[in-house]
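Structure at a glance
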Amino acid sequence: MTPILPRRHQRQLPLDQLILAQEPSAEALEMDVLFVGAGPSGLAGAIQLAKLVKAAQAAGSSMPDLNIGVLEKAGSLGEHNLSGAVINPRALRELFPELKDTDFPFRQPVSAESVYYLTEGGSLKLPTPPTMHNRGYYTASLCEVVRWLGEQAEALGVNIFPGFPAEALLVAGQTVKGVRTTPSGLDRERQPTGSYQEPTDITAKITVLTEGTRGTLGQAWREWRNVGSENPQIFALGVKEVWQVKRPLDRVIHTLGWPLPSTAFGGSWMYPLGPEMVSLGLVVGLDYREANLDVHVLLQRLKQHPLVRPHLEGGELLEWGAKTIPEGGFYSLPERRSGDGLLMAGDTAGFVDVPSLKGVHYAMQTGMLAARTAFDALQADDVSAASLATYDRLVNESYIVQDMYKTRNMRLAFKHGFVAGGVRAGLMTLTGGRFPGGRIPMHEDADQPRSVAATAALAPLVPDGTLTVSKVDAVFKSGNATRDTIPQHLLVGTDVSAEVADFYAHLCPAGVYERVGDELRVNAPNCIDCKATDVLGPRWTPREGGSGPKYRLM
Ligand SMILES: Cc1cc2nc3c(=O)[nH]c(=O)nc-3n(C[C@H](O)[C@H](O)[C@H](O)COP(=O)(O)OP(=O)(O)OC[C@H]3O[C@@H](n4cnc5c(N)ncnc54)[C@H](O)[C@@H]3O)c2cc1C
Ligand code: SF4
């Protein structure tokens, strides 16, 4: 059968909806600096900026308080944040020099770690590669970290607006002037209901995009301003579960190999979150080759493996979620992450080091560097692209880009499969990134053809409802509270055949897509904003605030 080329079925980004050359409404809220997205990046940036103002005032400056805003699409802070997570505390220590590590909302220090290569029934312990050493770091729930950061930000006078997704950038000429939020209370036909709330315009001298992975406004701004990168960005999908367990997990565990096909890049993790909880997840690169690969199903299989099952048996699945990760690394960083009135930080700009699966401290640190740049630009009353380019210089000179440069080709080495990739990645580690020299070119995930032939390893799974769960049960465990009558926010492309409908059904971890006969059915309210289909299928657009998951422990 002819392979599926995802790009052929995908719509263009709706730039006319995302970039609005319109005057802000007369009732617009006015901010000096607006962070779009209350993840670690946006909140760390807002805290850093508020602290800089307070420090300047304490040193005798007559500068007034700044109006600092943070918009968040989740109904409450943390509900849309998901990570492994083992966190490098470096950025937190820098942001809160007055606090000790024990004051941060971590679950526990990493005291031991193991890496295994899995086969279907067995496991082989491997030496821990240098990129995966986690001693000195801490396990944490990102939801908890975000909630804590939100409290610190509010205590410093930052205005946080949960339940307000930014829908579009407001621009004048080449300058970003702020954002327009989504309306709420529309019915399926986009007609106002009794609870209708019209969009709010929020203007800002500087808008900082901290929307996280596959940020819609970040994509739109880059396309509009023609900001490229040496390689396109590529993504992985991570599906995660948090379990209440009967016995403590005594170490951080990473696995490679089964249940992934040898052509796919990825691996799993198990992290202890205190004596009674375990975070477990599987990450798979979205350049996989088989149209019926299903990351949710693969995670369910992984839980049946003899290395994993004993840790979960007798326990209880508490929460489930999924999210994509930008995986391209150094060569996928935008050539600039600043423009007139705009800065980009965190995942939306791609600051993630894939070999170590770390992004939280880079997100915070880039948010903080954006704040320093914004502070100086406002003092100089110059928010032009030339002035805000300081941010690019600060990031390029920081440990962030140095770290990402060392592993610049490591993810890309796996594009020809796991075994060859493993050998090449080993040589890259030994040579500090110098082997093989140059840049391994990459194409976008949507340009990778998908074979339609089913393989035995990817056969359907019948969930038992205890250890393994269906997508419907999984979405329930995400706390998803989207209104059933919400307008469709997923823009389906053209020419969606029965095979493509099947491909989307396997791709989406939340069961949004179903093949019914030869047609695609879209259950949009199931969406938990992981953004995987924005990469490979129907486009994701911002919807009514508070829609989506209600994570507490992710
Ligand atoms: C499965 C998985 C495992 C990971 N494991 C680790 C790990 O162990 N250690 C580590 O350091 N990193 C890990 N990472 C990476 C890390 O989680 C990210 O790099 C980090 O969360 C990025 O922070 P951010 O603030 O840029 O984005 P996010 O944390 O995604 O926050 C962005 C925020 O913006 C909001 N938002 C998005 N669009 C809008 C909009 N239009 N309007 C308003 N709000 C919006 C979102 O709801 C969200 O709250 C992992 C990631 C994944 C997916
Ligand atoms: S429809 Fe929603 S949940 Fe499904 S893949 Fe796309 S973004 Fe993720």
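As a starting point, this report considers the structure included with it. (Residues numbered from 1 in each chain as written. Chains lettered and ligands numbered in written order. Predicted model: local features only at pLDDT ≥ 70, side-chain atom pairs only at ≥ 80, totals over all residues. Heavy atoms only, no water.)

What follows concerns the site of ligand 2. Taken together, 13 residues lie around ligand 2, and Cys 508, Cys 527, Cys 530, Lys 531 and Thr 533 are the ones closest in. With respect to the pocket detection grid, ligand 2 is positioned in the second largest cavity. Of the residues that constitute the shell around ligand 2, the class distribution is 11 nonpolar, 1 polar and 1 charged. (Near = heavy atom within 4 Å. 1 Å grid on protein atoms, 1.4 Å probe; cavity = no way out; pocket = protein on both sides within 12 Å on 5 of 7 lines; lining within 4 Å. Sits in = over half its atoms within 2 Å of the grid points. Nonpolar A, V, L, I, M, F, W, Y, C, P; charged D, E, K, R; others polar.)

On to the site of ligand 1, then. Inspection of the region around ligand 1 gives 37 residues, with Glu 72, Ser 83, Val 86, Ala 166 and Asp 347 positioned closest. Between ligand 1 and Glu 72 there is a distance of 2.6 Å, counted from an oxygen atom to a side-chain nitrogen or oxygen. Computed on the free molecule, ligand 1 has an accessible area of 1000 Å², of which 99% lies beneath the protein chains in the complex. With respect to the pocket detection grid, ligand 1 is positioned in the largest cavity. Sorting the residues of the shell around ligand 1 by element identifies α2 (40-58), β3 (68-72), β17 (266-272), β19 (316-326) and α8 (360-379) as the ones contributing at least two each. Within the shell around ligand 1, the residues separate by chemical class into 18 nonpolar, 13 polar and 6 charged. (Polar contact = N/O pair within 3.5 Å; in protein donor to acceptor, adjacent residues only side chain to side chain. Areas by Shrake-Rupley, 256 points an atom, 1.4 Å probe, with all protein chains shown as cover. Helix = DSSP H or I, 4+ residues; strand = E, 2+ residues; numbered from the N terminus.)

What follows deals with the pattern of salt bridges. All chains considered together, the criterion is met by 25 salt bridges. If you follow the salt bridges from partner to partner, you end up with Arg 7, Glu 444 and Asp 447 in one network. (Salt bridge = Lys/Arg side-chain N within 4 Å of Asp/Glu carboxyl O.)

If you trace the 7 strands from one edge of the open sheet to the other, you get β7-β6-β16-β17-β18-β15-β19, paired in mixed fashion. A strand with exactly one partner marks an edge of an open sheet, and here the two such strands are β7 (123-126) and β19. Between one strand axis and the next, the sheet turns through 20 degrees on average, direction left out of account. Direction of pairing for strand β15 (residues 235-244) relative to strand β18 (residues 277-285): antiparallel, over a ladder of 9 bridges. Residue pairing for β18: Gly 238 is matched across the bridge by Val 283. (Pairing = 2+ DSSP bridges. Axes fitted to C-alpha atoms, helices over the stretch in contact; angles between N-to-C directions.)

A few words now on the nonpolar core. Core analysis: the biggest nonpolar cluster contains 83 residues, and Leu 43, Leu 149, Leu 169, Val 179, Ile 206 and Phe 351 have the highest contact counts within it. In terms of residue count, the dominant contributor to this core is α8 (11 residues). Ignoring any residue separated from it by four or fewer positions in sequence, one finds Val 179 in contact with Leu 34, Val 36, Leu 71, Ala 166, Ala 168, Leu 169, Leu 170, Thr 200, Asp 201, Ile 202, Thr 207 and Leu 217. Of all hydrophobic cores here, the second largest spans 64 residues; its members include Leu 249, Trp 320, Ala 501 and Met 554. (Core = buried A, V, L, I, M, F, W, Y, C linked by side-chain atoms within 4.5 Å. Buried < 20%, exposed > 50% of the residue type's maximum accessible area, 1.4 Å probe, protein only. Contact = heavy atoms within 4.5 Å.)

Summary: where empty space remains is shown by rolling a probe the size of a single water molecule over the atoms. Taken as a whole and judged by the stated rule, the model has 6 cavities of 30 Å³ or more. Quantified by volume, the largest cavity comes out at close to 810 Å³. Forming the boundary of the largest cavity are 49 residues, of which Leu 82, Gly 212, Thr 213, Lys 323 and Asp 347 lie nearest the centre. Residue assignment for the lining of the largest cavity shows that the elements contributing at least two residues are α2, β3, β4 (86-87), α5 (216-225), β17, β19 and α8. (Points joined across faces, edges and corners; volume = space filled by probe spheres on them.)

Consecutive side chains of a regular strand alternate in pointing toward one face of the sheet and then the other. Examined bridge by bridge, strand β23 (residues 513-516) and strand β24 (residues 519-522) share 4 bridges and lie antiparallel to one another. When the sheet's bridge partners are listed, Glu 514 is paired in β24 with Arg 521. Connecting β23 to the antiparallel partner β24 that follows it, the hairpin turn spans 2 residues, and Gly 517 within it adopts a positive phi of roughly 65 degrees.

For the rest of this paragraph, the subject is the packing of aromatic side chains. Applying the stated criterion to the full structure yields 12 aromatic pairs. Taking the centre distance of 6.4 Å and the plane angle of 80 degrees together, the rings of Phe 161 and Phe 164 count as edge-to-face. The class for Phe 161 is buried, based on a relative accessible area of 18%. Between Tyr 504 and Tyr 513, the ring centres sit 5.7 Å apart and the planes meet at 55 degrees, which makes this aromatic pair tilted. For the residue pair Tyr 504 and Tyr 513, the accessibility class agrees, reading buried in each case. Members of the aromatic cluster, joined through ring pairs, are Phe 96, Phe 104, Phe 106, Tyr 138 and Trp 148. A cation over a ring is seen here: Arg 90 above Tyr 399, with NZ or CZ 3.5 Å from the ring centre. The side chain of Arg 408 reaches across the aromatic face of Tyr 405, ending 3.9 Å from its centre. (Phe/Tyr/Trp six-rings, centres within 6.5 Å; stacked < 30°, edge-to-face > 60°. Lys NZ or Arg CZ within 6 Å of the ring centre and 35° of its normal.)

Among the structural elements, Lys 240 can be located in strand β15. Buried charge Lys 240 goes without a salt bridge, the closest partner of opposite sign being Glu 319 at 7.5 Å. Polar side-chain contacts of Lys 240 include one of 2.7 Å to the backbone oxygen of Met 554. (Lys, Arg positive; Asp, Glu negative; His and termini not counted.)

A few words now on the environment of Ile 19. With respect to the helices, strands and loops of the structure, Ile 19 is situated in strand β1 (residues 19-20). Assessed through its relative accessible area of 12%, Ile 19 is described here as buried. Each C-alpha atom, one on Ile 19 and one on Glu 167, is 9.2 Å from the other, the two residues being 148 residues apart in sequence.

Another point: the packing of α2 against α8. At a minimum axis distance of 7 Å, the contact between α2 and α8 shows a crossing angle of 40 degrees. As the angle between them shows, α2 and α8 are arranged oblique. Classified by chirality, the crossing of α8 by α2 is right-handed. Residues Pro 40, Ser 41, Ala 44, Gly 45, Gln 48, Leu 49, Leu 52, Val 53 and Ala 56 of α2 touch α8, and the partners they reach there are Val 360, Ala 363, Met 364, Thr 366, Gly 367, Met 368, Ala 371, Arg 372 and Phe 375. (Parallel < 35°, antiparallel > 145°, perpendicular 65-115°, else oblique. Left-handed = near helix turned anticlockwise from the far one by under 90°.)

This part takes up the sheet that holds strand β5 (residues 108-109). Spatial ordering of the open sheet is given by β4-β8-β5, a layout of 3 strands whose pairing is antiparallel. The sheet terminates laterally at β4 and β5, the two strands that pair on one side only. Summarising the sheet, β4 and strand β8 (residues 138-139) pair through 2 bridges and their orientation is antiparallel. When the sheet's bridge partners are listed, Ile 87 is paired in β8 with Tyr 138.

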